[in-house]
Amino acid sequence: MTPRPTPAARTTATTDLGSAHVFLTGGTGFVGQAVLERLLVDHPDTTISVLVRGKGASDADTRLRQLTRKPVFREWRKAVGSDAADAQIAERVRIVDGGLGSVPTLPTDLDVVIHSASTVSFDPPINQAFDTNVGGAINLYEAIRATGADPHAVHVSTCYVGGLNRGIQPEARLPHDADWRAEFAAARAAKDAAELASREPRALRKLIDAARARHGKEGPLTVARAAEEARIAAVEAELVDAGRTRAQSLGWTDVYTLTKAFSERAAEELWGEDGHRLSVVRPAIIESALAHPYPGWIDGFKVADPLILAYGRGQLPEFPGLPDSILDLIPVDFVVNAILLAAANPPAAGTPAYYHVASGASNPIPYHRMYENVHRYYTEHPMPRGDGVVKVPEWKFPGERKVARGVWLAEKKTALDEAVLRRMPVNDRTREKQAELAKTRAGIDSLKNFTELYRAYTQAEIIFDDSNSRALDAALPTELRADRGFDVERIDWEDYLQNVHFPAITEMTNIYRRRKQRESAPTPPTTPAPLPQRGDAIAVFDLEGTVVDSNIVEQYLWVRSAGFRKAAWPGEVLRLLGSVGTYWRAERRDRGEFIRAFLRNYAGMPVTRLQKIVARGSYRTSVLSHVSPDALRLIREHRAAGHRTVLVTGSIAQLAAPIAGLFDEVVGSAMHERDGVLTGYLAKPPLVDEARGAWLRQYADRHDIDLSASYGYGDSHADLRWLDLLGNPNAVNPDSELSREAHRRQWRIHSWKRGRSSAARDVMTTAVVGAGANGPEGKGSD
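Please read all numbers here as calculations on a predicted model, not as lab measurements.

1. A closer look at the overall build of the protein chain
Each helix and strand in the protein chain was counted, giving 28 helices and 21 strands. Here the protein chain, with 782 residues, has 53% of them falling under the buried criterion. The long-range fraction of contacts in the protein chain, counting pairs at least 24 apart against all pairs at least 6 apart in sequence, stands at 78%. Accessible surface, the protein chain: about 35,100 Å² in total, of which carbon and sulfur atoms supply 52%.

2. Re the pattern of salt bridges
This structure, assessed with the given rule, holds 42 salt bridges. The partner of Glu 195 in a salt bridge is Lys 191, and the shortest N-O contact between them spans 3.1 Å. Placement of both Glu 195 and Lys 191 in helix H6 (residues 180-198) is noted, with a separation of four residues, approximately one turn of the helix. Judged by relative accessible area, Lys 191 falls into the partly exposed class, the value being 32%. Among the ionic contacts, a cluster of salt bridges with common partners joins Lys 191, Glu 195, Arg 199, Glu 228 and Arg 231.

3. Description of unusual backbone geometry
For residues other than glycine, phi is negative in most cases, and the peptide bonds are mostly trans. A cis amide bond links His 292 with the next residue in sequence, Pro 293, at an omega value of 5 degrees. Positive phi, normally seen in glycine, also occurs at Asp 675, with a value near 55 degrees. Within the fold, Asp 675 resides in the loop between strand S17 (671-674) and strand S18 (677-682). Positive phi values are uncommon outside glycine, yet Asn 733 reaches one of about 40 degrees. Along the chain, the position of Asn 733 falls in the loop between strand S20 (728-732) and helix H27 (736-745). Since its relative accessible area comes to 5%, Asn 733 is described here as buried.

4. Observations regarding the sheet that holds strand S15 (residues 644-652)
Here we have six strands laid out as an open sheet, ordered S16-S15-S14-S19-S20-S21, and parallel in their pairing. Here the strands that pair on one side only, and so sit at the sheet edges, are strand S16 (665-669) and strand S21 (748-750). Across this sheet, the average inter-strand angle for adjacent strands is 20 degrees, counted without regard to direction. Two strands pair when backbone bridges link them, and strand S14 (residues 538-542) and strand S19 (residues 711-714) are joined in this way by three bridges, in the parallel orientation. Looking across to S19, one finds that Ala 539 is bridged to Tyr 711. Its contacts with the sheet place helix H25 (residues 689-703) against S14, S15 and S16, and it is angled at close to 150 degrees to S15.

5. As for the layout of surface pockets
Where empty space is left can be seen by rolling a probe of water-molecule size over the atoms. Of the volumes computed, that of the largest pocket is approximately 1,400 Å³. Elements with a minimum of two residues in the lining of the largest pocket: helix H1 (30-42), strand S2 (47-52), helix H5 (126-147), helix H9 (255-272), strand S8 (285-287) and helix H14 (428-458). Taken together, the residues of the lining of the largest pocket break down into 22 nonpolar, 20 polar and seven charged.

6. As for helix H15 (residues 467-474)
If you check which residues of H15 are buried, you get Asn 468, Ser 469, Ala 471, Leu 472 and Asp 473. Where H15 is buried, its residues meet helix H11 (332-344), strand S10 (353-357) and helix H16 (481-484).

7. A closer look at the packing of aromatic side chains
Within a pair of aromatic rings, the relevant descriptors are the distance that separates the centres and the angle that separates the planes. Scanning the model with the defined rule gives 21 aromatic pairs in all. Aromatic side chains Phe 130 and Phe 184 sit 6.2 Å apart centroid to centroid with 10 degrees between the ring planes, which places their arrangement in the stacked category. In this pair, Phe 130 sits in helix H5 while Phe 184 sits in helix H6, placing the two residues 54 residues apart along the sequence. With a centroid separation of 5.1 Å and 80 degrees between ring planes, the pair formed by Tyr 160 and Phe 464 is classed as edge-to-face. Of the two residues, Tyr 160 is situated in the loop between strand S5 (152-156) and strand S6 (167-169) and Phe 464 in strand S13 (residues 462-464); the sequence distance between them amounts to 304 residues. You'll find Tyr 160 and Phe 464 in the same group, each marked buried. In this structure, Arg 74 packs its charged tip against the face of Tyr 294, placed 4.2 Å from the ring centre.

8. Notes on the nonpolar core
Of all hydrophobic cores here, the largest spans 95 residues; its most connected members are Val 35, Leu 36, Ile 114, Val 332, Ile 339 and Met 370. Of the residues forming this core, the biggest block, 11 residues, is contributed by H11. Residue contacts for Val 332: discarding those within four places in its chain leaves Phe 30, Val 31, Ala 34, Ile 286, Glu 287, Ser 288, Ala 289 and Trp 297. Listed in part, the 43 residues of the second largest apolar core include Leu 543, Ile 552, Leu 599 and Tyr 619.

9. Re the sheet that holds S5
Taken in spatial order, the seven strands of this open sheet run S3-S2-S1-S4-S5-S7-S10, and their pairing is parallel. Two strands in the sheet have a free side with no partner beyond their single neighbour: strand S3 (93-97) and S10. Taken pair by pair, the neighbouring strands of this sheet meet at an average axis angle of 20 degrees, ignoring direction. Against the sheet, helix H2 (residues 60-67) contacts S2 and S3, and its axis sits at roughly 135 degrees relative to S3. Sheet strands in contact with helix H4 (residues 82-92) are S2 and S3, and its direction is about 55 degrees off that of S3.

10. Things to note about the side chain of Gln 555
Here Gln 555 lies in helix H18 (residues 552-563). A polar contact is formed between the side chain of Gln 555 and the side chain of Glu 544, at a distance of 3.1 Å. Those residues in contact with Gln 555 that lie beyond four places of it in its chain are Leu 543, Glu 544, Ser 550, Tyr 602, Tyr 619, Ser 651 and Leu 655.

11. Topic: empty space enclosed by the protein
Under the counting rule described, the total for this entry stands at five cavities of 30 Å³ or more. In this model, the second largest cavity occupies a volume close to 90 Å³. Lining the second largest cavity are Thr 15, Arg 38, Asp 42, His 43, Asn 337, Leu 340, Leu 341 and Arg 484. The set of elements that each furnish at least two residues to the lining of the second largest cavity consists of H1 and H11. With three residues, H11 is the single largest residue contributor to the lining of the second largest cavity. Its residues placed into classes, the lining of the second largest cavity shows two nonpolar, three polar and three charged.

12. Quick look at the packing of helix H8 (residues 220-250) against H9
H9 packs onto H8 with a crossing angle of 60 degrees between their chain directions and a minimal axis gap of 8 Å. Taken together, the axes of H8 and H9 lie oblique to each other. Relative to H9, H8 is oriented so that their crossing is left-handed. Here Gly 243, Arg 244, Ala 247 and Leu 250 of H8 lie close against H9, whose contacting residues are Val 255, Leu 258 and Phe 262. Its residues assigned to classes, the contact of H8 with H9 comprises five nonpolar, one polar and one charged.

What counts, and where the lines are drawn
Residues numbered from 1 in each chain as written. Predicted model: local features only at pLDDT ≥ 70, side-chain atom pairs only at ≥ 80, totals over all residues. Heavy atoms only, no water. Helix = DSSP H or I, 4+ residues; strand = E, 2+ residues; numbered from the N terminus. Buried < 20%, exposed > 50% of the residue type's maximum accessible area, 1.4 Å probe, protein only. Contact = heavy atoms within 4.5 Å. Areas by Shrake-Rupley, 256 points an atom, 1.4 Å probe, with all protein chains shown as cover. Salt bridge = Lys/Arg side-chain N within 4 Å of Asp/Glu carboxyl O. Pairing = 2+ DSSP bridges. Axes fitted to C-alpha atoms, helices over the stretch in contact; angles between N-to-C directions. 1 Å grid on protein atoms, 1.4 Å probe; cavity = no way out; pocket = protein on both sides within 12 Å on 5 of 7 lines; lining within 4 Å. Points joined across faces, edges and corners; volume = space filled by probe spheres on them. Nonpolar A, V, L, I, M, F, W, Y, C, P; charged D, E, K, R; others polar. Phe/Tyr/Trp six-rings, centres within 6.5 Å; stacked < 30°, edge-to-face > 60°. Lys NZ or Arg CZ within 6 Å of the ring centre and 35° of its normal. Core = buried A, V, L, I, M, F, W, Y, C linked by side-chain atoms within 4.5 Å. Polar contact = N/O pair within 3.5 Å; in protein donor to acceptor, adjacent residues only side chain to side chain. Parallel < 35°, antiparallel > 145°, perpendicular 65-115°, else oblique. Left-handed = near helix turned anticlockwise from the far one by under 90°.

If you want it as structure tokens, here you go:
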């Protein structure tokens, strides 16, 4: 290969693309939209074809219209007027409808191709990373070859394609000898292999068992759905791990940098070294604009921003970075200027040019200096937290091992606290503690994730040589350098970080926070609005643990205490105590199984005796004394609003007799009887979990009920599926699982007052309930 003249030999660079026809990929991305804006502003005679595909309900034309109204175009639109801007776009910008997965036929008169599209994730599944970065490049350059044209291709890569090297990284062809075609084929095959392995019976049994342990109360279909979701997630996790591991085994930090390196090789072999012109532009960590289109312009959070914001929120008490490693930042407008200047100054055919657009060699910012700037900014401009502000931590840079050990200890303590909490009765205090532990767990997971993702960038010992880039920039006419240049030595990092970048990303997160606060703002503590008057709405109330502060164990004890001779009572207590373990295990497996098992205790009881017991005396008194006054109020409000009120229980409907008059209907199970005596077997399956959901759908069809306008009140994880069918689901004194889901789904959560306590609960009741016979938290679970 004939050596090309070095950029240092260049005397004057042109910035004029003239009437070039430019083809742009990645035009909707961060860098791509900034390139498009500069082409419209500074290269008025160019024609721009943009590869855009439809997304969701938006076709390619709609996406382009939306793109050209984004903030990056704001200053240009102000300068020329919105109508004139739209006219220029209509005249100069053409849509090539498609994507890199299947590049459509391209125009035959292309002069410049700018390929800036790539995956935006460091850690995608291996097949996705290869398909986007490597497969996309192959498809693009083959499509260009098919046109017969000979455009200058500007391939936008990343400085970090050099992998795990240390020291100076030259602006040159990468020296690796990896077989990128074989790796591409293996990555695509990895998807099929992972999918096949995930369907092996042994793997599926593990997933089903885990799903049943967590979702068994919700029903078998929910278990199946959860198992399948877990299988899909496991396949993705395996493919993510495959990408990370394969990259590291070949000498790269992650699958992103690996596939970007292979993408460069594809560009070289398919285009640049095959008699065509190719420039490879390698930016470092791209962040907000220094000056153009305006200081601080950024489109979403970029590479370093999640780490910066996590520190500002106080979520990173320490981090395993090397204080003297270089955090190689570069403003996006410098990257765009370098891309367009390279595009206007092509190398000789067959001899690709390489440019590092980086700051580490000429104007480095060490990690400790970056930390000092972040600490200073969020000390002077603390982020809000509750009624106060966040006090950011002070890092000591103890090293990776100490940080890893601290994370391990925090995980162990959190897991222990969670295990203890699961065995405690559920109340407002334990729910508050669960929320605190969830935040702690999220913080630990964030720290682990940040450590894994950013290790290579905060412990880097590599400097990117920028001789070619400095020579290209120096060749600019003096009068254009301030606007079109990318001389990193003129960046004052303290000014940029304190007055441009940190304010920009903090304002973005504040806008998001304020929006979320508006969306999730709690109802002011005023008199609630009356329920809407509707004849097609239903209000479904769960019995145990919701309307009545009791469960089927207590109900049974109330029945027995009203019908037993005092001398027989101790024997019954001892018999039930001996069955606590059996009931607890049944409840953990399946709510219906527990109900069936426990209701066997009614075997042998005369039907007439049960009818008399529930209709009068101490049983009726016990039930009424445990009715929640909040439930009573809402039942009356729903009836006054014309809603049909239904009480539902998974137990025997007859046990709800004392409060049946409060409702339009009571729905529950009935017990099989023979010769006037209860057999202990239910006449039909208990109405719990998914069965209750099926009943509710059928009930709505038969009674012309609008479920989207209806209401539901439940307390247990087992109520999740049927509550989800209603437009107004309510979690009442929820157990831990339902509480978590209600928070996630933004359902209303109520802490209803308990009914007036009756006499001290019998020690038998305490023993059975405390052991979990009505759920792991000792609550009713209908």
